[in-house]
Each structure stands twice: as structure tokens, then as C-alpha cells.
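In case you want the letters, here they are:
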Amino acid sequence: MKKGQTKTPLTLEQIAQDRPAGQAEKWDLRLYVAGQTPRSVAAFANLKRLCEEHLAGRYNIEVIDLIKHPQLAAGDQILAIPTLVRKLPQPIRKIVGDLRDTERALVGLQLRPGKN
Amino acid sequence: MSITQVEAANSANRSLPKAPTGIPGLDEITKGGLPRGRSTLVCGSAGCGKTLLAMEFLVRGATEYGEPGVFMAFEETAEELTQNVRSLGFDLTKLIKQKKLALDFVRVERSEIEETGEYDLEGLFIRLNAAIESIGAKRVVLDTIEALFSGLQNEGILRAELRRLFRWLKDKGVTAVITGERGEGTLTRRGLEEYVSDCVILLDHRVTDQVSTRRMRIVKYRGTTHGSNEYPFLIDQDGFSVLPITSLGLQHRVNDERVSSGIPRLDDMMGGEGFYRGSTVLISGTAGTGKTSMAAHFVQAACERGERCLYFAFEESPGQLTRNMRSIGLDLGKCIKKGLLNIHSSRATFYGLEMHLGLIHKMVQQFNPQIVVADPIGALITAGARHDANLMIVRLIDFLKSRGITAMLINLTSGGDSLESTEIEISSIVDTWLLLRDVELGGERNRALYVLKSRGMKHSNQLREFVLTDDGVELLDVYVGPEGVLTGSSRRSLEARERASALSSRQESERKQRERQRKREALEAKIMALRKEFEIEDTETALLATEERARREKLEDDRQAMAASRGADKDDGKARSRRKLNSK
């Protein structure tokens, strides 16, 4: 476990459930892509790197190709591609884009305090 | 573009394929519907009926034209939408089950979304595509796609993607309706008109004098002609309907057939046959001059002929009207029971003007009457501005004429106005105008009627007194004499006086005749007496003459005898002839 991990701010749920931060909660992530476009590839690479850095060992990435499963787009209200959906921990968060901007991605995943 | 391409485009424009909306009126002003295979932008402010128009386009497409449709909602969930349009008689659940409709709710929540780096809207395309493919949709609605702008921050990407989306829709060959909220000074807040430029329909919802009116206008429609006016439209329990009445021309078929007014004497005043079928009759007059009674006569006569009548009463309820008409011997209730008469009562102020017009339209289309009465037409002014009411009634008249319906419009002239004017200035477009007025004379008010104009027929120029009796309306000649035009009691008293004087003069003449007869008889008697007298005298004279002769002869005889006895000479002959002369 890295040092930066202890600085993770508590989400409301974590506080409510009195769950100590940084504990081994499961991160369930879903990345929606549409075919093997350079952008999807970049997004997946960026995500992988980010997770390895911040959530090593307790994350699970599911990549959904909407070209193969278009019906899955409605479930998570996917419009933009690529979209990363944080299914767990609650609440659901969505990050659109190729995750090039790591800082914003971390804010989006609530791994770093931000405007949200 | 090469010359052949231009030519191809031109010929394509001439017969631009269109997708009928099935919305009454809209297809008429768009001359066939929305551009097939292209996108149409429907814009307007909140609550003006954009979603409904779009939804009806889909539902009617699916049910009436066999074109399944996809509704992609960005603002309302599928459940909300289903519920909202159920009140208009659209059963979305059933249509979805029948695979005629697909609903997809796209939720864009800015607070949930963080943007990092580049993205595109392929997800939206995929969803739309999946929905289109799932039912083989020919029609697509995006309501309201501008919601994307509030959900996603990168406007550059959004605009590029929207442009791609509309291009893609065109390539797909679907007829799309895109709705957009009206912006300040622009058609849409985000300038969607920049991308959707084939057809733009603007909806408007105005409130004037606390009465709301909905209007629509086709701002542009590439490659085709279209009605360019503002058309009022309605949203009621049957959905959307546009009133394209200004598009009506003056090409209606005319009819030589005549219809009786129900009052024989009035028919006589109009060439003996009554009104032309399909003409517009205006009855105007001040309060209480019997306008409604006149209309009721017309209606009853029509029902007796087996024709269907639609009566729009803006001031009386059906019950009140039938009761009142019973008092003059007209049984409208029977007509209603037979299903030939439909009295529709509604306060003029209850709806806006367009709503009234729409209602009239709809009821006329449903009931299919031969005769329509609007009583009083002026009440509609209260439902809208004077100018609007005028326009509306012109439209109404045109509409009724185009269907060959004889219309009877009743107009109340208020006290201050000139009698020969209508509040709504429709006098010039009606065909027959009957004016009812009251004549105040000798301490009473009486009703009088005349035919102010009646196009295309000989009509009487006489004023007629108009009397409401237990057996209906009766028209009487008015008295026109040295004392002026007399009606009512004055007429009756004058007539009585005249009758009396006629009687006395007749008696006088009879008396004189008798006198003469008597005189003649007396004279003749006198003549007879004189003649008798004369005859007697005559006889007497004759008798005397005979006696005299006899006497003279006797005397002569005596003398001769005496002479003979004396033996007298011949001289005596002379003496005798002298005596003869003396005796004569």
C-alpha cells in the first residue's frame, strides 16, 4: 500500500458506514468502448496505469465493446465513448474521455479531492 | 456541383418525397408532410407542444403509415412519456410490444460525469442504431438533444458530433424530428438550426388577454412550397391538430340547390325557395328580435327533411334552448332524439379562439352535418381579439363552404352599433343577410325583418313584421300608408279602423243602390199610371167621336127625311157641304 492511499478522502458512504478509509474495498470499474479505436486503446491503457498506481490489487476492470453488445449502452446511460463507469464503490461515477488527464480522472473517481 | 447534379437536385425537389405526419392540418400546410429521409427541427418555448408533436409524428407513423419509430428522450423517462401521452389516447406500451415503437431515455447528468481527454458520442450513435435496427424504424425523434449541452462540457466535441449525427441520420434514411428549446433571438438555444436545415417548424404559445393561443409556423422548408402563415393549433384529447384554414381558397363548389328557411313566408321573400345550399346566412339584430327562433325554425325544417344539424350555442345550454323553442311550438328535443340535431353548448370564454375553431372543425368532421348554426357568433370576440375573431370566422365560413354546409351565423347587434354592421365585420363575406330589428311605435316594440342582401337570387325588398306565435314564427305585411310604417297594435288598430270604414262605406253604397231601385220602381209605376190614364182618355175620345158621328148621321138622316117630307129643292146640297166644313 502506498503512502498516497492514506490521503484518500472519505466518501459520504464511507463515513456513514464508519468504514476506515484505505481498507480493501473492491473497486468495480467498467470501461465502455466502441471497437478497437486508438482512443479506446489509449483509454484502456490510461485506466490500467491509473489503477495499478492507486488501486493495485483491489480493482476489476470490465471492458464492454458496444459494437458487440449495443444493448448494454442503455443500462449505464452511455453516450460518450469511451466512458469509464465506477460501479463500486457507490455512488456510480462516470468519466468520459480517454483518461489522458490523470488528475481529472482521479478527481472523477474520487480518488483525489476535487470540485465534486 | 455539375450541371447534371443540379438538374437531378431540381427534379428531386419538384417531387421531394415527404413523410406524412398524420396530424390533421399539418400535412396540408407542409403539402404532404415532413421531408422524408431528412431531419426536421421543431422549436419553441417550454410547454408549447414540441414533444407532443414529435410523439404524434411517431405514433401516427407507426399506426397509420406502417413506419415504426424510435423516440429518444433526453428529458423525460419512458414511463413519464407513456403516462403523459396516454391522456391523448396514445398507448405507447402496446406500440412498444407490437415493435412499432422504441423508447429510449437518455439521461445526462452533469454531476455524475467527469470529462478527461477526448471522446465522441459513439455511444449515442450505437444506442440509436440499435433502437432503429430493433424495429426497423423509419422515423426518429430526438427530444430534446440540446440536453447534451447541459450534460457535457466540451462544446467543440458536441457540435462536431451533432453535425455527424445529423449527417448519419440522413445516411440512415430515417425521417427525423429534432426538438429544440427556443433561445433569445434565435430559434434554438444552442443554434441547432445550423445543423438541421431542411425543415424548421416553430411552435409558439401566446397568452393575450388571459387567453392562450398556440400557433405554428413553418420557418423554412427546403425544396418545397409550404404555407407560410402562422397557423393556430390545438392540443386536445385527440392530440395535435393544426388549423390550416387560411390555406383554403375560394374554390369551393357551388350548389344551385335551395334549402327552405323553415318559414314559408321567408322563402317567398327569397324567390320562393329559400337559401342556397352551402351558402352562409347571417341573421343579425338587436337583443330579443327572435334570431334564435329563426335559427330554430331553420334547424327544425332541416331535421324534418332528414338532414343533420350542428348547433353551436355559446349562450344557452341545450336544455334551455329546447325549452325556449317549445314555447313557440318547435320541438327540437325530437330532432335531438332522432340523432339529427346536435347542440353543442360552450361558453365562448371557456376556450381560446383557436380551440373553438378547432372544436367546430372536429365536430363538423365527426358529425358531418348539412347545416351548422353558430349562435351568436359575436360571442367569440370575447374569446379573442376582434381581429382574430374576424379572421377565425372567415376561416370557419371558408371551411364550411368547402364542405358544402349551409351555415347560419347569428350576430347580436349591440345597442350603440349601427344595425347594418356586425361586430366582427363579416357582413361582406356572407351570402344572405337577414336583418331583424325592432320597431318602436305607439308605446310598444315590434319585430320586423327584411332581407338586406341575398346573393344570386331575387329577393323581396319589403319589410315584414315578424310575429312569434304559439306555432312558430309568422311573417306579416307591415302597414305602409300615409301614417308611415306601422306594426303591431298600431297596425292592428289601423286595420280595424280601415275595416270599419270600409264596412260603413259599403253599407252606404248599398243604401244608395236601394234608393235608386226604389226610385226607379216609383218612376215606372208613375209611367204606368199615366199610360193607363192616357189609354182611358184615348178610348173615351174614340167613343165620343163615334157617338158624334152616329149622332150627326142620325141628324142628317133626320134632315133628309124632313126635306124629303117637305119636298125641298137642289140648293140644299150646298148648304149641307157648308155645314160639313163647320163641323170639322
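For the structure itself, look to the data block above.
Residues numbered from 1 in each chain as written. Chains lettered and ligands numbered in written order. Predicted model: local features only at pLDDT ≥ 70, side-chain atom pairs only at ≥ 80, totals over all residues.

Digging into the overall build of chain B
At step 1: From N to C terminus, chain B includes 16 helices and 25 strands.
At step 2: Of all 584 residues assigned to chain B, the portion counted as buried reaches 41%.
At step 3: Contacts in chain B between residues at least 24 apart in sequence constitute 70% of all its contacts with a sequence separation of at least 6. (Helix = DSSP H or I, 4+ residues; strand = E, 2+ residues; numbered from the N terminus. Buried ≥ 20, exposed ≤ 12 C-beta atoms within 10 Å, placed from the backbone. Contact = placed C-beta atoms within 7 Å.)

Some remarks on the sheet that holds strand S3 (residues 83-88) of chain A
At step 1: Taken together, 5 strands build an open sheet; the order of strands is S2(A)-S1(A)-S3(A)-S4(A)-S6(B) and the sheet is mixed. Pairing within the sheet leaves two strands with one partner each, and these edge strands are strand S2 (59-65) of chain A together with strand S6 (113-115) of chain B. Strand-to-strand twist across the sheet, computed as the mean angle between neighbouring axes with direction ignored, equals 20 degrees.
At step 2: The strands touched by helix H2 (residues 38-54) of chain A are strand S1 (27-33), S2 and S3 of chain A; relative to S1 of chain A, the strand with the most contacts, the crossing angle is about 165 degrees. (Pairing = 2+ DSSP bridges. Axes fitted to C-alpha atoms, helices over the stretch in contact; angles between N-to-C directions.)

Focus: helix H13 (residues 353-367) of chain B
Residues and elements named next belong to chain B.
At step 1: Here H13 contains 15 residues, and its C-alpha end-to-end distance of 21 Å stays within 8% of the 21 Å for a straight helix at 1.5 Å per residue.
At step 2: Leu353, Glu354, Met355, His356, Leu357, Gly358, Ile360 and His361 are the residues of H13 that are buried.
At step 3: Looking one or two residues past H13, asparagine 368 carries a phi angle of roughly 55 degrees, positive in sign. (Expected span 1.5 Å × (residues − 1).)

Some words on helix H6 (residues 122-135) of chain B
At step 1: Under the 1.5 Å per step criterion, the end-to-end length of H6 of chain B is 20 Å for 14 residues, consistent within 8% with the ideal 20 Å.
At step 2: Where H6 of chain B ends, the next residue or the one after it, glycine 136 of chain B, has phi of about 65 degrees, a positive value.

Focus on the interface of chain A and chain B
At step 1: Counting residues at the interface gives 30 residues for chain A and 22 residues for chain B.
At step 2: Elements that contribute at least two residues to the side of chain A that touches chain B include exactly helix H3 (72-75), strand S4 (93-96) and helix H4 (102-108) of chain A.
At step 3: Within the side of chain A that touches chain B, the residues separate by chemical class into 18 nonpolar, 5 polar and 7 charged.
At step 4: Pairing between S4 of chain A and S6 of chain B: 3 bridges, direction parallel. When the sheet's bridge partners are listed, isoleucine 95 of chain A is paired in S6 of chain B with glutamate 114 of chain B. (Nonpolar A, V, L, I, M, F, W, Y, C, P; charged D, E, K, R; others polar.)

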